[in-house]
Amino acid sequence: DTAVSQTPKYLVTQMGNDKSIKCEQNLGHDTMYWYKQDSKKFLKIMFSYNNKELIINETVPNRFSPKSPDKAHLNLHINSLELGDSAVYFCASSQDGGFSPRRLETQYFGPGTRLLVL
Amino acid sequence: GDSVTQMEGPVTLSEEAFLTINCTYTATGYPSLFWYVQYPGEGLQLLLKATKADDKGSNKGFEATYRKETTSFHLEKGSVQVSDSAVYFCALRDNQGGKLIFGQGTELSVKP
């Protein structure tokens, strides 16, 4: 059973296109995240949702729009793709929102979506 | 803001060698500290974690101790195997928003 799954695994597309990446977790977690890993392997948070509510929005271009239809899903839609968007995008989830401080909770990652913009 | 710094890679070792990957952090609060591992072509897996000063996290022969006085969380393994070849990420998580802040990753290559 895959805990955090992402689709598609690979995505090759042209500049200017619009694309979506989907993420689902079956861990019953309250919080989900999107991270971007660049070509040098550096990982940075993009967004975080807790119970469908946006709680983290780093300085990400407006072309990126996360959507959380329910707490088990967090999708990422990207408009007008640019060459610099080429990266690996990781979804993650954690069980936050309880009495335990957030910092104690582990984040579990999906397998990643490798996006290549030509 | 909070940050994590890891030793530069790549690190190349022979099988059964001793491994140390240095990690230091800067944080205003009391973060938890994590090591994640990324095998080639895969996602990130939690390797170990420590949530307070002097805690030691351990898993699969790897261990790291949360040192508040030196703001460090160095990863060690006594005898590496070829299957340990991967990229290792040190990270911290505090209570502000709950995001993970990663170091730049250290690539480890173990030769037979």
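Residues numbered from 1 in each chain as written. Chains lettered and ligands numbered in written order. Predicted model: local features only at pLDDT ≥ 70, side-chain atom pairs only at ≥ 80, totals over all residues. Heavy atoms only, no water.

Student: What am I meant to see in empty space enclosed by the protein here?
Tutor: A water-sized probe rolled over the atoms picks out the places where empty space is left. All names here are of chain A. Counted by the stated rule, this structure contains one cavity of 30 Å³ or more. The computed volume of the largest cavity comes to approximately 40 Å³. Looking at the largest cavity, the residues that line it are Asp30, Thr31, Met32, Tyr49, Asn50, Asn51, Lys52, Ser68, Asp70, Lys71 and His73. When contributions to the lining of the largest cavity are tallied by element, the ones reaching two or more residues are strand S4 (31-37), strand S5 (43-50) and strand S7 (64-70). Looking at the lining of the largest cavity residue by residue, the class counts come to two nonpolar, five polar and four charged. (1 Å grid on protein atoms, 1.4 Å probe; cavity = no way out; pocket = protein on both sides within 12 Å on 5 of 7 lines; lining within 4 Å. Points joined across faces, edges and corners; volume = space filled by probe spheres on them. Helix = DSSP H or I, 4+ residues; strand = E, 2+ residues; numbered from the N terminus. Nonpolar A, V, L, I, M, F, W, Y, C, P; charged D, E, K, R; others polar.)

Student: Which parts of the structure should I look at to understand the sheet that holds strand S7 (residues 56-59) of chain B?
Tutor: Each strand in a sheet pairs with another by means of backbone hydrogen bonds, the pair being arranged parallel or else antiparallel. Residue and element names in this part refer to chain B. Spatial ordering of the open sheet is given by S3-S9-S8-S7, a layout of four strands whose pairing is antiparallel. Only two strands of the sheet have a single neighbouring strand rather than two, namely strand S3 (19-21) and S7. On average, adjacent strands in this sheet sit at an angle of 15° to one another, irrespective of strand direction. In this sheet, strand S9 (residues 75-77) lies alongside S3 in antiparallel orientation, the contact comprising three bridges. Following the sheet pairing, Leu19 is matched in S9 by Lys77. (Pairing = 2+ DSSP bridges. Axes fitted to C-alpha atoms, helices over the stretch in contact; angles between N-to-C directions.)

Student: Whenever I open this one, the pairing of S5(A) confuses me. Can you help?
Tutor: Consecutive residues of a regular strand have side chains that alternate between opposite faces of the sheet. Residue and element names in this part refer to chain A. In terms of residue burial, S5 counts as a mostly covered element, since seven of its eight residues are buried. Bridging between S4 and S5 involves seven bridges; their strand directions are antiparallel. Pairing of Gln37 across the sheet is with Leu43, part of S5. Where S5 lies against strand S6 (residues 53-57), four bridges are found, and the strand directions are antiparallel. Among the inter-strand pairings, Phe47 is bridged to a residue of S6, identified as Asn57. (Buried < 20%, exposed > 50% of the residue type's maximum accessible area, 1.4 Å probe, protein only.)

Student: Looking at this structure, how should I read the layout of surface pockets?
Tutor: Estimates place the volume of the largest pocket at around 360 Å³. If you go around the largest pocket, you meet 25 residues; those closest to its centre are A:Gln37, A:Lys41, B:Gln38, B:Val87 and B:Glu107. Where the lining of the largest pocket is concerned, the elements lending two or more residues are strand S9 (87-94) of chain A together with strand S10 (86-93) and strand S12 (106-111) of chain B. If you tally residues by element for the lining of the largest pocket, the top one is S12(B), at four residues. The residue inventory of the lining of the largest pocket, partitioned by class, reads eight nonpolar, eleven polar and six charged. Taken as a whole, the second largest pocket holds about 190 Å³ of empty space. Taken together, 13 residues form the lining of the second largest pocket, with A:Lys36, A:Lys44, A:Ile45, A:Met46 and A:Val60 sitting closest to its centre.

Student: How do you make sense of a nonpolar patch on the surface when you look at a structure like this?
Tutor: All names here are of chain A. A cluster of nonpolar residues, Val12, Leu116 and Leu118, forms a patch on the protein surface that exposes about 270 Å² of accessible area. Topologically, Val12 is positioned in strand S2 (residues 10-13). Its relative accessible area of 55% is what places Val12 among the exposed residues. (Patch = residues over 30% accessible without salt bridge, like charges linked within 9 Å, V, L, I, M, F, W, Y side chains within 5 Å. Areas by Shrake-Rupley, 256 points an atom, 1.4 Å probe, with all protein chains shown as cover. Salt bridge = Lys/Arg side-chain N within 4 Å of Asp/Glu carboxyl O.)

Student: Is there a simple way to explain the interface of chain B and chain A in this structure?
Tutor: Each partner contributes residues to the interface: chain B has 25 residues there, and chain A has 25 residues. Taken together, the two surfaces of chain B and chain A that pack against each other cover about 2,000 Å², and 51% of this comes from carbon and sulfur. Counting every contact that joins chain B to chain A gives one salt bridge. Between B:Lys99 and A:Glu58 there is a salt bridge whose closest N-O contact spans 3.2 Å. Taken together, chain B and chain A are joined by seven residue pairs in polar contact (both at pLDDT 80 or more). For the side of chain B that touches chain A, the secondary-structure elements that each account for two or more residues are strand S5 (32-38), strand S6 (44-50), S10 and strand S11 (100-102) of chain B. At four residues, S5(B) tops the list of elements feeding residues into the side of chain B that touches chain A. Taken together, the residues of the side of chain B that touches chain A sort by class into ten nonpolar, ten polar and five charged. (Contact = heavy atoms within 4.5 Å. Buried area = accessible area lost by both parts, 1.4 Å probe. Polar contact = N/O pair within 3.5 Å; in protein donor to acceptor, adjacent residues only side chain to side chain.)

Shape is all these values report; function is a separate question.
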